[in-house]
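Single-letter residue listing:
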Amino acid sequence: MQVLLFLFQMHLKIIYFILKLFTKTKRQVFFLSRQTNEPSINYQYLIDFIQNKDASIGIKVSCRRAPEGLNKKMHSNEKIFSWKEIKEIVSYYFLLYKQMYFLASSKVILIDGYNILVSGLHHKKDTKIIQIWHALAAIKKFGYQTIDKQDGISFKMAKSLHLHENYDYVISGSDAMKDAFSEAFHISKEKILSIGTPYIDYLLKTKPNQYEAYENYPCLKNKKVILYCPTFRRNGKNVVDEIIKNIDLDKYCLIIRLHPLDVSNRPKSNLEGVLLNPKIEYVTLLKMADYVITDYSALMIEASIVLSNIFLYVYDYEQYEEENGLNINLFEELKECVFKDFHDLMACIENKQYNQKSLVSFREKYVTNLKGNSTEEIYDLIRGML
């Protein structure tokens, strides 16, 4: 595997070297992502802002998830690919050429996760790279923090992949996350800017479309709404069935928003009072939910921005701490809102014992910029680099 990866990277470096020789750098910003197949809210907000402010700035976008089959094979012993998987991999491979051309011709590059082209290639001296991480905070450890841990990658693989290299700046949601981001990205704190992301602006300014939600899902009208969004676990384990069983569906409507990669333990679609991944805008879900339940997800930061009543159900806290690790002590940061037993959590909801003071303190600590101008701050940073 290491030999194949080395040869793959070497041929990319040769192609990119030639592209750089024959490509002129433009006053252009390249938005690159392998997190989603469409521009994220972070990207779209920023693209719209740039185009409205200065139409002379060139914009290039390439958003494409890495082939699912390739990702699965890399984390398993199975190396036989189906014809469909082979076609997806070939298509993605040729997309890399287009992406390398945009890398070579752009003055500023934005990414929202690890990218082998950005971290593994040698770029022009005047090229600037900004990492806008797809999560607002690093609640759970990642990157260099999880090297050689069960849920991380080996040091040898991280070195081969040039994990999180070449960044000029990393955008953070708060000063409180600087230590964690510095460790995870293996970057100095001076390069971490706590100006917030466009997603914060989106959450603050977007009005929920509750009317449409009620039209499509009438069960939301006359009941208290509980939104449950668990973290994705590689072992495929979740406790959806337990949660459904312990919620009074005559009194509450339960919305379950699973991670896109989580295909296990899905409840029956015809279960009255339970909505699985309904077609409702995320911001509407957060703002209309009476209670938001998650675990180690940065969703807790997003929910705090709109002042949702957050509860954390961390039934596997010690195990998760050992296998992956956490950057904050949840029991200290969200006092009286963290539970290992779901019955205790529901008792807190039933008795209306929510600690609002703890939520406000948490919000103030982990969201530095609540002015709604994070997009403009990043635009100013980019403009200074062009």
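Since we're looking at a predicted model, the values are computed, not measured. (Residues numbered from 1 in each chain as written. Predicted model: local features only at pLDDT ≥ 70, side-chain atom pairs only at ≥ 80, totals over all residues. Heavy atoms only, no water.)

A. Quick peek at the packing of aromatic side chains. Per the stated rule, a full pass over the model turns up 24 aromatic pairs. Between Tyr93 and Tyr97, the ring centres sit 5.3 Å apart and the planes meet at 80 degrees, which makes this aromatic pair edge-to-face. Of this pair, Tyr93 and Tyr97 both sit in helix H4 (residues 83–105), 4 residues apart, which is roughly one turn of the helix. When its relative accessible area of 23% is taken as the criterion, Tyr93 is described as partly exposed. (Phe/Tyr/Trp six-rings, centres within 6.5 Å; stacked < 30°, edge-to-face > 60°. Helix = DSSP H or I, 4+ residues; strand = E, 2+ residues; numbered from the N terminus. Buried < 20%, exposed > 50% of the residue type's maximum accessible area, 1.4 Å probe, protein only.)

B. Examining helix H17 (residues 374–383) more closely. Within H17, the full set of buried residues consists of Ser374, Thr375, Ile378, Tyr379, Leu381 and Ile382. Projected down its long axis, H17 carries its buried residues within an arc of 160 degrees, all on one side. (Arc of directions from axis to C-beta.)

C. Seen up close, the environment of Ile187. If you trace the backbone, Ile187 turns up in the loop between helix H7 (178–185) and strand E6 (192–193). Expressed as a C-alpha distance, the spacing of Ile187 and Asp48, which sit 139 residues apart in the sequence, is 29 Å. Here Ile187 is in contact with Tyr167, Val170, Phe181, Ser182 and Ile192, once residues within four sequence places are set aside. (Contact = heavy atoms within 4.5 Å.)

D. Molecular detail of unusual backbone geometry. In this structure, Asn166 is a non-glycine residue whose phi angle is positive, near 80 degrees. Mapped onto the elements of the fold, Asn166 is located in the loop between helix H6 (155–161) and strand E5 (169–171). Positive phi outside glycine occurs at Lys352, with the angle close to 55 degrees. By the element assignment, Lys352 lies in the loop between helix H15 (342–350) and helix H16 (356–366).

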